[in-house]
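Notes for the structure review
Okay, here's what each chain looks like letter by letter:
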Amino acid sequence: MQIMRTTVIVWICLLSLMAGTVCAAEVVVVVSSENPIKSLSLTQITDIYLGRMIRFPNGNPVKPIDLSESSPARSQFYSRYLGRSQPQIKAHWSKLIFTGRGQPPPTVSSGDAMAESVAENPDAIGYLSSDFLDDRLRVVTID
Amino acid sequence: MPPVDSTTRWSRLHRLIEPPVLSILMAFLFLAVIWAITFNLIARENAAADRTAAAVAMDVADTYEAQVVRALREIDHTLKMVRHQLEDHPAQEVLEDLRSEALLPPEIIFTISIIDARGEILGSTNRSSLPENMAAMDFFKRAKEQEDVVIGQPQRERESDEWQLTFSRRFREAGNRFAGIVAVSVHAGYFVSGYESDALGEHGVLGLVGTDGVFRVLRTGNAISAGTAINYYALVQEDTPADTPAEVTVNPWDDTRRYTIARKLYEFPLAIVVALSEIEQLAPAGRIERSYIWRAAMASILVAAIAALLGRLSWQLQKSRTRIMKEQAEHARNVEYLAYHDNLTGLPNRALFSQLLYRQMQQAHRYGKQLALMFLDLDRFKAINDSLGHEAGDELLKKMGRRIGESLRESDIVARLGGDEFIMLLPEITEETQVTKVAGKILAAVARPFTLAEQESRITISIGIAMFPADGDDEQTLMKNADIAMYQAKEGGKNSFRFYSEKFNTDSLERLSLESSLRNALENKEFCLYYQSKQDMATGRITGIEALLRWQHPDLGLIPPMQFIPLAEENGLIIPIGRWVFKTACHQNIAWQNQGFPKLSMAVNISKRQFFDENFLKDVGDALQESKMAPELLELEITEAVLMHDMDRTIRILKDVKQMGVRVAIDDFGTGYSSLSKLKEFPLDTLKIDGSFIQNMIPNAEIKSLTTALIDLGRSLGFTVVAEGVESKEQADLLKIHSCDQFQGFYINKPMPPEEFTSAVRKQLKGYADTASPD
């Protein structure tokens, strides 16, 4: 009885892991293919998304674009690339907005919209699930 | 008595500046200064910290007020903008349009919703965070009723459980009918996100309180709360000006003392609350205060230690100084004791006795009392010293001192003057018997045998007593007279005492004075020789000279030999004096010969002691040899008494004298009861008949026959007979008849000093020459 139950639990776990891998495609940072930037460090990405950095290393202005709060890719992005939780990000912007020192990046509600926004603007930077990649976008490699 | 008081006060004051007390006082002074400075600094620090906290609170409040007002205006602006759009757009499209135009505030913080009159949500930027129907919400009800912006009670969000604030305004349909509300929901934390620990610390406060007394949000450190109700009017004084400094009050919501500023916002039914924890703000000052107190305590300990050290050192210094002073005083007392006491017997010495005597004399003088001064001298002290040794002598003196002391009365004083002399002072004497009694006791005490150097010795003493004021009213006289009395006691027999008596004063005094000056006379060249000539009876020519000793005393004048020769005999001074006479007489005679005088004999008188002195012959020989005078010119005159004293010895000496060629004369013959039978046994040359016979032979027939008999006796024995003391022509003529050989005396010549004698003799010689030449 005991062994059977353990076996069942193990199977369930394995199946759920497989499902996760299949469903959750990887979140990548992208820029317009017209943007000369090929790679950025995690620190640079963090600074751009927390409003501390307003230009790319090559001097061009940077316009970060966010997904809406309800998007799963958003929380993945923040936890993977910035190492911060949603409430932390919220507190960060809350303080900047309240004290008048910054505005959060504009949001788009879907991966498609993100792809569109980034492709349109050579200064833009965004993130999306790799499912939404297309030719107009370039994945920024992380140093 | 004021002087005494001031003296004690002065001495008390004086004690304050003694080093040990001074160092303690200085230490207290230092401590007082240290602590005064410390408390002053602490007070300043606290005041500064207080001012700083109040100022920080004010700064933070100003900034916070501005931020809140801006944030509220933005929200109200959004409300108004949405409401405006609703006037000619369907609710579903308004939010989408505004959003696409980026006219809405960031969704991450703000949720904008449009709600219809029934409370149904027509549109929202974040629908999932909202309940299905809003009709029950307080802000909905209130917004429905009023035109102004409504700030709802804080609500917990469904998903995150965070406090949410909702701002709302109503909107109307055509016909001015209530159509619904526009609402902006914000996390309450948004309004306190400016909380800076740097300025507010961990226990400061940022908050918004509604005019209804309910906190919309309240943050302390990282803790955010909402909904707490307080007495709004107790917290916010709406009429106080904006620049009123923060005051410390107890915040009622958590009972903490804080520098609190609560300021009503101008356009909104809200007040901001900014507060700084008093404990937290004053903590640095408290740390400084503790460090100051710690330093002051250390400094105090140091000062106390130094003061203790200094105090101890100076106390020791003072102690040793006192000790040195004591030792010096002791030493001085010792020195004084030694200066005034005889160190052998411990009795007062002469100096102290002199003082005591002076004092007692003054007392006695004032009260008309008598004093007795006793001189005491040991009779044979020198003999004891010589035979038993000095130690025994010292021992004797010590014992003497004790015995004398025991014999005296309480009030009497004994002192040692030195040597074997003691002196006693007996005050309060009313009759002589008192003194006699004491003197007797002393004699009796001393009469008991002394054990000295393990031998029994018997000592006798002599005591001389002088009374004050009868025998002298000054120290010198009293001492001298007591001394004289003692001398008399000694003369009168051993172990006796004598009171001073006026009658033996002169004798003794003269004698004492002569004796002492006689000792110096030879040295001071006070002696001289007078010369008297001897004449031939038949021719009257000068045949010889007699030298006569005279003493020219500086004070007493010329003293005749009678007065000092016996003294010189007694103390032996006659020997050197006689020696001087020989030499002087012989040299004078030679000098005269060199001046052209004929060879005249020179007669010198010899005393008994001189004659029997062992060096007598040598002295005579030396004088002859030195002067180169012919021995036969020298004539030694000796008296009958000398001649008869020790006949055998005299004959022996005289034979030696004759051997030398010197002549011998017997002087003052007739007065000494000489044994005429023995006379011829002496080898004599001249017989001089005493002047008393010559001067009395004219009036007295008996003496005249006696004198002629003497002349005959001398001539029959073959002596040259010389008559002494011839004073008149009658005497000279008579002697001439009776065949006397020579004479001397005032008739021709009196004794004269050498110069006078020279001229006299010269005249005489010339006279003879004159009378001789016609013959």
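Provided above is the structure to which this section pertains.
Here's what I pulled together on the structure shown here. (Residues numbered from 1 in each chain as written. Chains lettered and ligands numbered in written order. Predicted model: local features only at pLDDT ≥ 70, side-chain atom pairs only at ≥ 80, totals over all residues.)

Attention now goes to the overall build of chain B. The number of helices and strands found in chain B is 24 helices and 28 strands. Of all 775 residues assigned to chain B, the portion counted as buried reaches 34%. In chain B, the proportion of contacts linking residues at least 24 apart, taken out of those at least 6 apart, comes to 60%. (Helix = DSSP H or I, 4+ residues; strand = E, 2+ residues; numbered from the N terminus. Buried ≥ 20, exposed ≤ 12 C-beta atoms within 10 Å, placed from the backbone. Contact = placed C-beta atoms within 7 Å.)

On to the sheet that holds strand 1 (residues 27–32) of chain A. With mixed pairing, four strands are arranged side by side in an open sheet as 3-6-1-7 (chain A). Bordering the open sheet on either side are strand 3 (63–64) and strand 7 (137–139) of chain A, each of which pairs with just one other strand. (Pairing = 2+ DSSP bridges.)

We now examine the pairing of strand 19 (residues 496–499) of chain B. All names here are of chain B. Pairing of strand 18 (residues 461–468) with strand 19, which is carried by four bridges, proceeds in the parallel orientation. Pairing of Ile-463 across the sheet is with Phe-497, part of strand 19. On the question of chirality, the crossover connecting strand 18 to the parallel strand 19 by way of helix 12 (residues 475–492) is left-handed. (Right-handed = clockwise from strand over helix to strand, strands pointing away.)

Let's shift gears to the sheet that holds strand 10 (residues 247–251) of chain B. Residues and elements named next belong to chain B. What the six strands build is an open sheet, ordered 9-8-7-12-11-10; its pairing is antiparallel. The sheet terminates laterally at strand 9 (223–225) and strand 10, the two strands that pair on one side only. Averaged over all pairs of adjacent strands, the angle between strand axes in this sheet comes to 30 degrees, irrespective of strand direction. Bridge analysis of strand 11 (residues 256–264) against strand 12 (residues 270–277) gives seven bridges, and the strand direction is antiparallel. Counterpart to Ile-261 in the pairing with strand 12 is Val-274. Relative to strand 12, helix 7 (residues 278–340) is tilted by about 35 degrees, and along the sheet it contacts strand 10, strand 11 and strand 12. (Axes fitted to C-alpha atoms, helices over the stretch in contact; angles between N-to-C directions.)

Quick look at the packing of helix 9 (residues 381–388) of chain B against helix 10 (residues 390–407) of chain B now. Residues and elements named next belong to chain B. Close contact between helix 9 and helix 10 brings their axes to 6 Å; oriented N to C, the two are set at 135 degrees. Overall, the two elements helix 9 and helix 10 adopt an arrangement that is oblique. In this structure, helix 9 contributes Phe-381, Ile-384, Asn-385 and Leu-388 to the contact, and helix 10 contributes His-390, Ala-392, Gly-393 and Leu-396. Along the lines of polarity and charge, the residues of the contact of helix 9 with helix 10 split into five nonpolar, three polar and no charged. (Parallel < 35°, antiparallel > 145°, perpendicular 65-115°, else oblique. Nonpolar A, V, L, I, M, F, W, Y, C, P; charged D, E, K, R; others polar.)

So, on to the nonpolar core. Soluble globular proteins tend to pack their nonpolar side chains together in the buried interior. Val-30 and Leu-128 of chain A together with Ala-57, Phe-191, Val-217 and Val-274 of chain B are the most contacted members of the largest nonpolar core, which has 98 residues in total. With residues up to four places along the chain from it excluded, the contact list for Phe-191 of chain B reads Phe-98 of chain A together with Val-68, Ala-71, Leu-208 and Val-217 of chain B. (Core = buried A, V, L, I, M, F, W, Y, C linked by C-beta atoms within 7 Å.)

Chain A puts 16 residues into the contact, and the matching count from chain B is 15 residues. Looking at the side of chain A that touches chain B, the element that brings in the most residues is helix 4 (residues 86–98) of chain A, giving seven residues. Taken together, the residues that form the side of chain A that touches chain B break down as six nonpolar, seven polar and three charged.

On to the packing of helix 10 of chain B against helix 11 (residues 432–447) of chain B, then. Residue and element names in this part refer to chain B. Axis separation between helix 10 and helix 11 bottoms out at 9 Å; the angle between their running directions is 145 degrees. In this structure, the crossing between helix 10 and helix 11 has a hand that is right-handed. Residues Met-400, Arg-403, Ile-404, Glu-406 and Ser-407 of helix 10 pack against Val-438, Lys-441, Ile-442, Ala-445 and Val-446 of helix 11. In terms of residue class, the contact of helix 10 with helix 11 is made up of six nonpolar, one polar and three charged. (Left-handed = near helix turned anticlockwise from the far one by under 90°.)

Honestly, that's just the spatial picture; any functional story needs more than this.
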